[in-house]
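# Summary of the model geometry
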Amino acid sequence: MNRREALKRVALLLGGAISAHVVNAVLSGYRPLPRYTPRTLSAEQNELVTTIAELIIPTTDTPGAKEAGVSQFIDLLLTEWYPAKDRDRFLAGLADLETQFQRKHGKGFLQGTSSEQADFLAKLDLEAIGARRARVKELPFFGMMKEMTLVGYYTSEIGATEELQFRPATDRYEGCLPLESVGGRAWAGVG
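So, a few notes on the structure that sits alongside this text. (Residues numbered from 1 in each chain as written. Predicted model: local features only at pLDDT ≥ 70, side-chain atom pairs only at ≥ 80, totals over all residues. Heavy atoms only, no water.)

## Observations regarding the packing of aromatic side chains
Just so we agree on the cut-off: Here a Phe, Tyr or Trp ring, Trp counted by its six-membered ring, pairs with any other such ring whose centre lies within 6.5 Å, and the pair is stacked when the planes are under 30 degrees apart, edge-to-face when over 60, and tilted otherwise. Buried residues are those whose accessible area, probed at 1.4 Å on protein chains only, stays under 20% of the maximum for their type, while exposed residues exceed 50% and partly exposed ones sit between those limits.
A complete count under the given rule lists five aromatic pairs for this structure. When the centroid spacing of 5.0 Å and the interplanar angle of 90° are considered together, the rings of Tyr 153 and Tyr 154 count as edge-to-face. Here Tyr 153 matches Tyr 154 in class, with each residue buried. Counting every residue linked through ring pairs, the aromatic cluster contains Phe 101, Phe 109 and Phe 120.

## Topic: helix H3 (residues 43–56)
Operational definition: Only DSSP runs of H or I covering at least 4 residues are called helices, and only runs of E covering at least 2 are called strands; the numbering of each starts at the N terminus. An expected span of 1.5 Å times one less than the residue number is assigned to each helix. In what follows, residue pairs with any heavy atoms lying within 4.5 Å of each other are defined as contacts.
Over its 14 residues, H3 runs 20 Å from end to end, which matches the ideal 20 Å to within 8%, given 1.5 Å per residue. Buried within H3 are the following residues: Asn 46, Leu 48, Val 49, Thr 50, Ile 52, Ala 53 and Glu 54. Where H3 is buried, its residues touch helix H4 (70–81), helix H5 (84–105), helix H6 (114–133) and helix H7 (141–154).

## Some thoughts on the packing of H3 against H4
Quick reminder of the rule: Here, axes are lines fitted to C-alpha atoms. For helices the fit covers the stretch in contact, and angles between N-to-C directions go from 0 to 180 degrees. Each angle is binned into one of four classes, with values under 35 degrees roughly parallel, values over 145 roughly antiparallel, values of 65 to 115 roughly perpendicular, and all other values oblique. Helix crossings fall into two classes, left-handed where the near helix is turned counterclockwise from the far one by less than a right angle and right-handed where it is turned clockwise. Think of it as three bins: nonpolar holds Ala, Val, Leu, Ile, Met, Phe, Trp, Tyr, Cys and Pro, charged holds Asp, Glu, Lys and Arg, and polar takes everything else, Gly as well.
H4 packs onto H3 with a crossing angle of 125° between their chain directions and a minimal axis gap of 9 Å. Here H4 runs oblique to H3, going by the angle between their axes. The crossing of H3 and H4 is right-handed. Taking contact as the criterion, the partners of Asn 46, Val 49, Thr 50 and Ala 53 in H3 are, on H4, Val 70, Ser 71 and Ile 74. Across the contact of H3 with H4, the residue classes tally to four nonpolar, three polar and no charged.

## Brief notes about the nonpolar core
We count it as follows: What makes a nonpolar core is a set of buried Ala, Val, Leu, Ile, Met, Phe, Trp, Tyr and Cys residues whose side-chain atoms join them at distances within 4.5 Å.
Formed by 37 residues in total, the largest nonpolar core has its most connected members in Ile 52, Ile 74, Phe 90, Leu 97, Phe 109, Met 145 and Met 148. Elements that contribute at least two residues to this core include exactly helix H2 (20–27), H3, H4, H5, H6 and H7. It is H7 that contributes the most residues to this core, nine residues altogether. Sequence-distant contacts of Leu 97, defined by excluding residues within four places in its chain, comprise Leu 48, Ile 52, Phe 109, Phe 120, Leu 121, Leu 124 and Phe 141.

## Some remarks on unusual backbone geometry
Within the chain, Arg 135 stands out as a residue other than glycine whose phi angle is a positive 55°. Assignment of secondary structure puts Arg 135 in the loop between H6 and H7. When its relative accessible area of 74% is taken as the criterion, Arg 135 is described as exposed.

## Topic: the pattern of salt bridges
Worth spelling out the cut-off: Only one rule defines a salt bridge in this text: a Lys or Arg side-chain nitrogen within 4 Å of an Asp or Glu carboxyl oxygen.
As enumerated under the stated definition, the model contains seven salt bridges in all. The residue Arg 89 makes a salt bridge to Glu 138 at a minimum N-O spacing of 3.7 Å. You can see Arg 89 sitting in helix H5 and its partner Glu 138 sitting in the loop between H6 and H7, a full 49 residues away along the chain. By relative accessible area, which is 24% here, Arg 89 ends up partly exposed. Residue classification places Glu 138 among the partly exposed residues on the basis of a relative accessible area of 31%. Of the charged contacts, one joins Asp 125 and Lys 146 as a salt bridge, the two residues approaching to 3.0 Å between their closest N and O atoms. Taken as a pair, Asp 125 in helix H6 and Lys 146 in helix H7 lie far apart in primary sequence, 21 residues in all. For Asp 125, a relative accessible area of 18% puts it in the buried group. Residue classification places Lys 146 among the partly exposed residues on the basis of a relative accessible area of 23%.

Set out below in structure tokens:
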């Protein structure tokens with residue numbers, strides 16, 4: 001998959017903008033490792049990030065964010081590409097999510113039902129969308145989380161070859177087709 005094309009498509013999903021940290025990390029040639037121990041996230045934080053990412057891109061007829069290794073991508077971004085200020089803001093947002101969920105439901109996020117978790121994240125998503133529309137300088141935690149999840153997923157091999165259609169080389173140019181005529185999914189790359 002062409003990473004630049006994937007970034008363009010994810011930017012469209014996010015309203016036209018991706019942070020410079022994320023773009024730099026993807027263009028540096030990130031590759032997931034078969035065995036990986038998080039370097040910034042604790043084991044509990046990693047499980048929380050994995051669960052949230054899977055709620056953003058769940059497994060359906062195609063693999064979800066967990067199988068694509070999105071939490072590894074996020075940990076790598078936080079460790080190697082995010083400035084300390086932004087990394088700390090992300091980790092504080094993750095802790096705040098857990099605290100707010102605990103207050104609302106009397107249990108931790110990971111102990112919540114799928115419905116409780118999804119409803120909670122939907123409210124955070126609305127706040128993040130509002131912040132993007134208001135062009136707030138610093139995205140709320142969920143905006144950062146969603147951005148990293150979408151970029152990590154759609155630049156992964158799974159996202160590019162199993163979620164999106166993938167044709168390594170084209171034999172003709174068809175600039176404008178009804179989506180239904182090509183199986184209902186966008187193409188991952190243009191050969």
